[in-house]
Amino acid sequence: MKIYDFKVKNRKGEDISLENYKGKVLLIVNTATRCGFTPQYDELEALYSKYNKDGFEVLDFPCNQFGNQAPESNEEIHTFCQLNYKVKFDQFAKVEVNGENAIPLFKYLKEEKGFAGFDSKHKLTSVLTEMLSKNDPDFAKKSDIKWNFTKFLVDKSGNVVARFEPTTSAEVIEQEIKKLLEV
């Protein structure tokens, strides 16, 4: 199975085949509008603007599973992102990324790349670790998405090559994108 075998819903509820992105480098992200990581929309848009001409796409999947931080409708989320972050990359319908209602795409992504660990230097790492370990002392051993703004990097052939937790810096992600784009 490859990434191109999946269909997802765009923000209007229409089926979109990921085959439309064949031959491109993809960064697939679960996002939220009311999260401490929401300013990462600026970083995502900067990466998209810089590398889109080279065959790079950001695929944004809003998710309300983490602290009820994306309660809005698909259109309200899109409007928020346009007004506050001027995003131009593709935004899809709100999804679940964990549990029995997780969409097949995210089940696949988690099977391909498990939890990568939080960046020990990030200011929110201790907060996330403490919060997650209260609910599940073994959280780090599981591949579930831990929080908003978890990112999966897919190469031009549709292989999931990396997973970045929300604490991973944009600079680290950019270096991996550049390698795949060969720029």
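I will try to describe carefully the structure that is included in this document. (Residues numbered from 1 in each chain as written. Predicted model: local features only at pLDDT ≥ 70, side-chain atom pairs only at ≥ 80, totals over all residues. Heavy atoms only, no water.)

## Notes on the overall build of the protein chain
If you tally the helices and strands in the protein chain, you get five helices and seven strands. Counting helices and strands in the order they occur from the N terminus, the protein chain gives β-β-β-α-β-α-β-α-α-β-β-α. For 183 residues, the compact-globule estimate of 2.2 N^0.38 gives 16 Å, and the protein chain sits close to it at 15 Å. Considered along the principal axes of its C-alpha atoms, the protein chain spans approximately 40 × 35 × 30 Å. The buried share of the protein chain, reckoned over its 183 residues, is 49%. Considering only residue pairs separated by 6 or more positions, the protein chain has 71% of its internal contacts joining residues 24 or more positions apart. When the accessible surface of the protein chain is split by element, carbon and sulfur atoms take 47% of a total near 8900 Å². (Helix = DSSP H or I, 4+ residues; strand = E, 2+ residues; numbered from the N terminus. Rg over C-alpha atoms; globule rule 2.2 N^0.38 Å. Buried < 20%, exposed > 50% of the residue type's maximum accessible area, 1.4 Å probe, protein only. Contact = heavy atoms within 4.5 Å. Areas by Shrake-Rupley, 256 points an atom, 1.4 Å probe, with all protein chains shown as cover.)

## Structural notes on the packing of aromatic side chains
In total, this model carries 13 aromatic pairs according to the counting rule given. With centroids separated by 5.4 Å and ring planes inclined at 90°, the aromatic side chains of tyrosine 41 and phenylalanine 149 adopt a geometry described as edge-to-face. Note that tyrosine 41 is positioned in helix H1 (residues 40–51) and phenylalanine 149 in the loop between helix H4 (125–135) and strand S6 (151–154), a separation of 108 residues in sequence. Assessed through its relative accessible area of 0%, tyrosine 41 is described here as buried. For phenylalanine 149, a relative accessible area of 0% corresponds to the buried category. An angle of 50° between the planes, with centres 5.6 Å apart, marks the rings of phenylalanine 66 and tryptophan 147 as tilted. Taken together, the residues phenylalanine 66 in the loop between strand S4 (56–62) and helix H2 (74–85) and tryptophan 147 in the loop between H4 and S6 connect sequence positions 81 residues apart. Each member of the pair, phenylalanine 66 as well as tryptophan 147, carries the same accessibility label: buried. (Phe/Tyr/Trp six-rings, centres within 6.5 Å; stacked < 30°, edge-to-face > 60°.)

## Remarks on the layout of surface pockets
Empty space within the largest pocket amounts to approximately 190 Å³. In this structure, the largest pocket is lined by 14 residues; those nearest its centre are Phe37, Gln40, Glu43, His122 and Pro166. Listing elements by their share of the lining of the largest pocket, those giving two or more residues are H1 and helix H5 (170–181). When grouped by side-chain class, the residues that make up the lining of the largest pocket number five nonpolar, six polar and three charged. (1 Å grid on protein atoms, 1.4 Å probe; cavity = no way out; pocket = protein on both sides within 12 Å on 5 of 7 lines; lining within 4 Å. Points joined across faces, edges and corners; volume = space filled by probe spheres on them. Nonpolar A, V, L, I, M, F, W, Y, C, P; charged D, E, K, R; others polar.)

## With respect to the sheet that holds strand S3 (residues 25–31)
Read from one edge to the other, the open sheet built from five strands follows the order S5-S4-S3-S6-S7, with strand pairing classed as mixed. Bordering the open sheet on either side are strand S5 (90–91) and strand S7 (160–164), each of which pairs with just one other strand. Both S4 and S5 contribute to a ladder of two bridges, which runs parallel. Counterpart to aspartate 60 in the pairing with S5 is glutamine 91. Contacting S3, S4, S6 and S7, H5 runs over the sheet at an angle of about 15° to S6. (Pairing = 2+ DSSP bridges. Axes fitted to C-alpha atoms, helices over the stretch in contact; angles between N-to-C directions.)

## Points about the side chain of aspartate 155
Among the structural elements, aspartate 155 can be located in the loop between S6 and S7. No salt bridge is formed by the buried aspartate 155; its nearest oppositely charged neighbour, lysine 2, is found at 6.2 Å. In terms of polar contacts, aspartate 155 uses its side chain to reach the backbone amide nitrogen of serine 157, at 3.0 Å. Apart from the residues lying within four places of it in its own chain, the contact partners of aspartate 155 are Tyr4, Lys24, Val161 and Leu180. (Lys, Arg positive; Asp, Glu negative; His and termini not counted. Salt bridge = Lys/Arg side-chain N within 4 Å of Asp/Glu carboxyl O. Polar contact = N/O pair within 3.5 Å; in protein donor to acceptor, adjacent residues only side chain to side chain.)

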